[in-house]
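# Notes for the structure review
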Amino acid sequence: MSVLKFASTDQPGRNGLLALVKAKTGQDVLACYQCGKCSAGCPLSSAMDLAPHQVLRAVQLGQRDLVFQSSAIWLCVTCQTCYTRCPQEVDLPKVMDALRSQAIQEKIRPAERTVKVFHDVFLGLVERFGRLYEVGLIGGYNLLARQPLASADLGLPMLTRGKLELIPRRVKDREQIRAIFKRAAELELEEITGQSVAAAPPASVPS
Amino acid sequence: MSTYAYYPGCSLHGTAKEYDRSARLVCQALGLELREVEDWNCCGASSAHMVSHWLALSLPARNLQPVEKMGLETMTVPCAACYARLKDVSCELKDPEVRAKIGRVLGDQVTGRVTVEPLIGTLTTQEILDKAASLIVKPLTGLKVATYYGCLLTRPPKVAQFDDPENPQSMDRLLRTLGSEVVEWYFKTECCGASLPVARTDIVLDLSRKLLAAAKKAGAEAIVTACPMCHSNLDSRQGEIRGRYGDDFKMPIFFFTELLGLALGYPARELLIANHLTDALSLLQGRGLA
Amino acid sequence: MPRIGVFVCHCGSNIAATVDCAGVAEATRGFPGVVHAADFKYLCAETGQNLIRDAIAEHRLNRVVVASCSPRMHEPTFRKAVAQAGLNPYLMEMANIREHCSWVHADRQVATAKATEIIRMVVAKVARNEPLTAKQVGLTKRLLVIGGGIAGIQAALDVANAGYQVTLVERTPTIGGKMAMLDKTFPTLDCSACILTPRMVELSQHPNIELRTYAEVLSVKGFVGNFEVEILQKARKVNHLTCTGCGTCWQKCPEKNVPSEFDVGMGRRTASYIPFPQAVPNKPVSDTANCRSVRHLAAKERGEKLMECRVCEKLCPTKSIDWEQKDEIIVDRFGAIIVANGYDTFDHSVYGEYGYGKYPDVITGLQLERLMNASGPTKGEVVRPSDGKHPHSVVFLACVGSRDDKVGRPYCSKICCMYTAKHALMLKEHDPNIQTYVFYLDIRAAGRGYEEFVRRVQEEYGSTYIRGRVSWIYPQDGKLIIKGEDTLLGRPVEVEADLVVLATGITAASGAVDLMQTIGISYDTYGFINEMHPKLRPVETNTDGVYLAGCASGPKDIPDSVSQASAAAVKVCGLFSQDYLTTDPMTSVVDQMKCVGCFLCEEVCPFRAVERETLRGGKVVARINESVCKGCGLCVAACRGEALNLKGFTDQQLLAQVTALLRA
């Protein structure tokens, strides 16, 4: 395990990670006093490399690599158990969301590649159709995750029970959906860089 | 007759068709008119907020706009995951700055005046419970069920503003009204693994197995849910759990609307209960409920 | 003609770092009436005071302005200094150029200019100061102690032993408080009753102490040295003058199923009862909510039927049962009050993740004390409330209702680390086969022998300490599953327990806020009393003559509570050693010519200092009782006819200050 080194000019709490989380979530991670109640109740913590309270600790100490390369930020399913019970009322699921989206922005290789692939495929379908297309989700995921047979044994019984639709259902105003994806991404980027990315959008979008 | 905007969400048009069907039937029977939100889109589910804050707020926000145009005030949401997203954005919209930004992303004004509630909440007011009690055709007498609320209906309490996050009671009250016996167990709001089943099946199998084992130990013959994600994890993964751990639970998993539908006299066939991957019909037939 | 001297203090670098003190002194020389100005490093030092005294003589000063810190710090010092030089002390004014200027500014130029302006205003004011003379009032040398826990007992005994009369009011039927409920005390493991009960007996037999148990303070009027207090003596339905405490009534009482407050619900008591065998007084009260005879009589009045009981009445050998006894209000006078109203433990039923207080085998530390105590409900056997079986695995949770913002208790309760360690040790002494686990956040063991004690519990008594807060407790197969995290390992932990003990924190005693309001003292958001000064006046409240002791002002252990009680007692003795009290002459005064008798002043006065006086000719006007008036100025602001003025802060003085600033 590597040593956390602090040079005489370092300011661990001010290297931007705490401020970044604060800006993205409004959460003051310094409020966390490391009681571990979040990790104690987390259904996923035994599968994580960093327990949830350790993620917050790493943020407190400005350890970007530790945080962004952790599996924890990808395994969190935002079940809200931690936040519901946190004595300091730190919205940890929100913090996890912020760290994850930052890791994506910074193009850091996700420790849980398959989880990232799943969400990418999911959102790709929503961007395209406006709604989820479950057959497309499984197919797309299997292709990208290089797991051609994942969930295949479920596919047939689901199909025969009418649980899967072969044809995707679509939103009528798909252009607005695509615009939403585009402008949300712009706003996201704008908040990170502090600069306007796109000109002001039209007041209404033609349907 | 009260009228609600109804946001089915993607699952209810796919893997959880039986939830959609049973929800519509029981609402009709109880005198609630459901009007589907026009041209609704996916709320972003558990994926959007993983990636982008503003996408996670804007996708559900787009579904609130048509409700006002439909002249309705309240939206009822059967899916717990969709409810969490929609309720979250309806809270966030109270902040004018956030409202402006969401408006910018949508390319349209959004007011946030729509009240969002979960279908389980809509169907468990005292008024509805009384009405249901008066309409029971086939009481679920003797059916021992464990109520499973999952993560997102009640949490985080500041946003969800529904029932109790540690020991919720609404579904219990409904099922007792229908005559069934609600077993005491402590996993009502423990997580089933949510959206991980595809990418990390191993974790979901482990979590779902713990829930199934606890319900069985508590003496439940079936688990009742109010969330298509919970239903899918618990219902469709029992075969894999058997394969991996050797536990053969054969535990039927119901949507609460299915049991409500049965009690109100709808046949199991019409409620699409046969759609379940874990056999639920045998239990019902044994009790003369199907 | 005013001859004013201005003295500017550097306060080391506190002022001088941001204010050019010599420059300020120079600038003030030109202010109207100023005949002398000087600056000095520490005016509060003896040399500084001499500087002022010498200047008064040398320059024939008749007014002095000291520009330094807040008058809260050194007003008495400088008043005394000018008085020694023969000046009326109220002809000295302080200009606060530290808290109001140097500490809150960084720019030297701006701060220097502001300091000059502050002094300009005070110079204008002091020129209009009049000599004032303090008055003297008599005092009642009797102390009221509220609360009969260890703090109240200690304070009462100390003051009584100094020869003063003391009345102790306790709302429960016995004194002893929480300490009487404890089995042992940390870290010495003294038997709590063995060290407490001698004090209780001493108190009850003390010739200078009047003990009023089952009584509450209803109202407090008056002021330091002269409080008038209404005390409610609740009806006991037993005549304590004739009762011998023989025990027949409580042994024979047929109503045996009342949850015992003293045993924190772990045991049952009768309706006629003494809370515990060594209770003081050792005479019973009949709890009217549960007594069958009382309920019968009440039902009869309502015209309903209920079975008659009267067992105690029939069996009492001294005929001491008195159904006619009513609540009684006693009015008494005291010179001082010590508030020692104690604490309650946090109600853990708000924690859903710990079962909302509904799991029988999840108990509190105080309940465990009762189970371990030889005179407790189980005669000292530690058993599970659910099935009476002996536990093997016992899990302790620290910080329940402490350090938890979510439940509104962000503070540390101070005693739980230690009492939990004590419990873990004692359980092992009770049964060497018991395994204990302690989930903690940090160990706070600051105190003589405390840290050593906690180490001993882990090293010698084998208690397993796990650093982390527990997230969830749920029952399974007759046991409890505890889900925590070992934050040191970063691994989830699951412990199977037979019994869970919650170290519930300290909260203000029930009714604390009402009591503080009744007395008129300030308290914080949690209902704890605010001390006059947290460092230097820790046992005084913001009301003269009212003192505090023990957990009334926040979590404390026994030694701290006792120390505070003795400290408060010394304050009271100091007060009572005087025959007269000097009152602050800065009070309101009525110009009876201008007063129209509207008595708006009477309405707004928080101290009831406004009296009515009928002048010759029948006109009714206001008069200020100067020994009651605190000089708050509310009446002055309320008076429409400008008939009221505040000595030392007259309208003319204040107007001069403002004018000086505006004209500059």
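Residues numbered from 1 in each chain as written. Chains lettered and ligands numbered in written order. Predicted model: local features only at pLDDT ≥ 70, side-chain atom pairs only at ≥ 80, totals over all residues. Heavy atoms only, no water.

## Some words on the overall build of chain C
Check the secondary structure of chain C and you find 17 helices and 34 strands. Dimensions of chain C, computed from C-alpha atoms along their principal axes, come out at roughly 90 × 75 × 40 Å. Considering chain C as a whole, with its 664 residues, one finds that 53% of them fall into the buried category. Of all intrachain contacts in chain C linking residues separated by at least 6 positions in sequence, the fraction that spans at least 24 positions is 69%. Where the 76 positive side-chain charges of chain C centre and where its 73 negative ones centre are 3 Å apart. (Helix = DSSP H or I, 4+ residues; strand = E, 2+ residues; numbered from the N terminus. Buried < 20%, exposed > 50% of the residue type's maximum accessible area, 1.4 Å probe, protein only. Contact = heavy atoms within 4.5 Å. Lys, Arg positive; Asp, Glu negative; His and termini not counted. Charge placed at Lys NZ, Arg CZ, Asp CG, Glu CD.)

## Comments concerning the domain arrangement of chain C
In terms of domain boundaries, chain C breaks down into domain 1 (4-126), domain 2 (142-339), domain 3 (343-507) and domain 4 (587-646). A C-alpha centroid distance of 44 Å is found between domain 2 of chain C and domain 4 of chain C. (Domains from an automatic or database assignment.)

## Observations regarding the sheet that holds strand 7 (residues 165-169) of chain C
All names here are of chain C. Pairing within the open sheet is parallel, and its 5 strands lie in the order 10-7-6-18-29. Each end of this open sheet is capped by a strand with a single partner; those strands are strand 10 (209-212) and strand 29 (546-548). The mean angle between the axes of side-by-side strands here comes to 20°, regardless of whether they run parallel or antiparallel. Alignment of strand 7 against strand 10, held across 4 bridges, turns out to be parallel. Residue pairing for strand 10: Val 169 is matched across the bridge by Arg 212. (Pairing = 2+ DSSP bridges. Axes fitted to C-alpha atoms, helices over the stretch in contact; angles between N-to-C directions.)

## Some points on helix 3 (residues 53-69) of chain B
Among the 17 residues of helix 3 of chain B, 14 are classified as buried, and the element is accordingly described as predominantly covered. In the segment just after helix 3 of chain B, Gly 71 of chain B is the residue with positive phi, at about 80°.

## Remarks on the interface of chain C and chain A
At the junction of the two partners, chain C supplies 20 residues and chain A supplies 19 residues. Together chain C and chain A conceal approximately 1500 Å² of surface at their shared face, both sides included; 49% is due to carbon and sulfur atoms. Taken as a group, Lys 406, Arg 469 and Ser 471 of chain C account for 33% of the area that chain C buries against chain A, more than any other trio of residues on that side. The interface formed by chain C and chain A contains 1 salt bridge. Between Glu 353 of chain C and Lys 37 of chain A there is a salt bridge, with the nearest N and O atoms lying 2.7 Å from each other. On inspection of chain C and its partner chain A, the count reaches 10 residue pairs in polar contact (both at pLDDT 80 or more). Ranked by the residues each element gives to the side of chain C that touches chain A, the list is headed by strand 25 (residues 479-486) of chain C, at 3 residues. Taken together, the residues of the side of chain C that touches chain A break down into 6 nonpolar, 5 polar and 9 charged. (Buried area = accessible area lost by both parts, 1.4 Å probe. Salt bridge = Lys/Arg side-chain N within 4 Å of Asp/Glu carboxyl O. Polar contact = N/O pair within 3.5 Å; in protein donor to acceptor, adjacent residues only side chain to side chain. Nonpolar A, V, L, I, M, F, W, Y, C, P; charged D, E, K, R; others polar.)

## Concerning the packing of helix 8 (residues 113-129) of chain A against helix 9 (residues 134-144) of chain A
Residue and element names in this part refer to chain A. Relative orientation of the contacting elements helix 8 and helix 9 amounts to 140°, with a least axis distance of 9 Å. The angle between helix 8 and helix 9 falls in the class oblique. The two elements helix 8 and helix 9 cross, and the hand of that crossing is right-handed. Between helix 8 and helix 9, the residues in contact are Arg 113, Thr 114, Val 117, Phe 118, Val 121, Phe 122 and Leu 125 and Gly 136, Leu 137, Gly 140, Tyr 141 and Leu 144, respectively. Of the residues contributing to the contact of helix 8 with helix 9, the split by class is 8 nonpolar, 3 polar and 1 charged. (Parallel < 35°, antiparallel > 145°, perpendicular 65-115°, else oblique. Left-handed = near helix turned anticlockwise from the far one by under 90°.)

## Re the packing of aromatic side chains
Applying the stated rule across the entire model yields 20 aromatic pairs over all chains. For the ring pair Tyr 411 of chain C and Tyr 526 of chain C, a centre distance of 5.0 Å and an interplane angle of 65° mean the geometry is edge-to-face. Of this pair, Tyr 411 of chain C sits in the loop between strand 21 (393-400) and helix 11 (416-430) while Tyr 526 of chain C sits in the loop between helix 13 (512-519) and strand 29, and the two are 115 residues apart along the sequence. What links up through ring pairs into an aromatic cluster is the set Tyr 148, Trp 185 and Phe 187 of chain B together with Trp 472 and Tyr 474 of chain C. A cation over a ring is seen here: Arg 131 of chain A above Trp 40 of chain B, with NZ or CZ 3.5 Å from the ring centre. Looking at Arg 209 of chain B, its charged tip hangs above the ring of Tyr 245 of chain B, at a distance of 4.2 Å from the centre. (Phe/Tyr/Trp six-rings, centres within 6.5 Å; stacked < 30°, edge-to-face > 60°. Lys NZ or Arg CZ within 6 Å of the ring centre and 35° of its normal.)

## Let's talk about the sheet that holds strand 17 (residues 328-334) of chain C
Residues and elements named next belong to chain C. Taking strand neighbours across the sheet as the criterion, the 3 strands line up as 11-12-17 in an open arrangement whose pairing is antiparallel. Of all the strands in the sheet, just strand 11 (215-223) and strand 17 have a single pairing partner and so form its edges. Sheet twist, expressed as the average angle between the axes of neighbouring strands with direction ignored, equals 20°. Across 8 bridges, strand 11 lies against strand 12 (residues 226-233) in antiparallel orientation. Looking at strand 12, one finds that Ser 219 is bridged to Glu 230.

## Structural notes on the environment of His 74 of chain C
All names here are of chain C. Following the sequence through the fold, His 74 ends up in helix 3 (residues 71-84). In the structure, His 74 is positioned 20 residues away from Met 94 in sequence and 8.8 Å away in space, judged by C-alpha atoms. Excluding residues within four positions of it along the chain, His 74 makes contact with Cys 44, Cys 69 and Met 94. Within the local environment of His 74, its side chain forms a polar contact with the side chain of Thr 77, the two groups lying 2.8 Å apart.

## Side note on a nonpolar patch on the surface
Among the surface-exposed residues, Leu 156, Leu 159, Leu 166 and Ile 167 of chain A lie close enough to one another that they form a single nonpolar patch of about 420 Å² accessible area. By the secondary structure assignment, Leu 166 of chain A is in the loop between helix 10 (152-160) and helix 11 (174-193). (Patch = residues over 30% accessible without salt bridge, like charges linked within 9 Å, V, L, I, M, F, W, Y side chains within 5 Å. Areas by Shrake-Rupley, 256 points an atom, 1.4 Å probe, with all protein chains shown as cover.)

## Describing the pattern of salt bridges
One pass over the structure, following the stated rule, counts 66 salt bridges over all chains. Connected through salt bridges with shared partners, the residues Glu 112 of chain A together with Arg 200 and Asp 202 of chain B form a single ionic network.

## Topic: unusual backbone geometry
With an omega of -10°, the peptide bond between Arg 155 of chain B and Pro 156 of chain B qualifies as cis. By the element assignment, Pro 156 of chain B lies in the loop between strand 5 (144-148) and helix 8 (157-160). Each neighbour pair has its own omega, and for Phe 186 of chain C with Pro 187 of chain C the value is -10°, a cis peptide bond. Unusually for a residue other than glycine, Gln 80 of chain A sits at a positive phi of about 75°. Take Gln 80 of chain A: it is sitting in the loop between helix 5 (72-75) and helix 6 (81-85). The exposure class assigned to Gln 80 of chain A is buried, which follows from its relative accessible area of 12%. Within the chain, Lys 250 of chain B stands out as a residue other than glycine whose phi angle is a positive 45°. Mapping Lys 250 of chain B onto the fold places it in the loop between helix 12 (238-245) and strand 8 (253-255). Note on Lys 250 of chain B: relative accessible area 60%, which makes it exposed.

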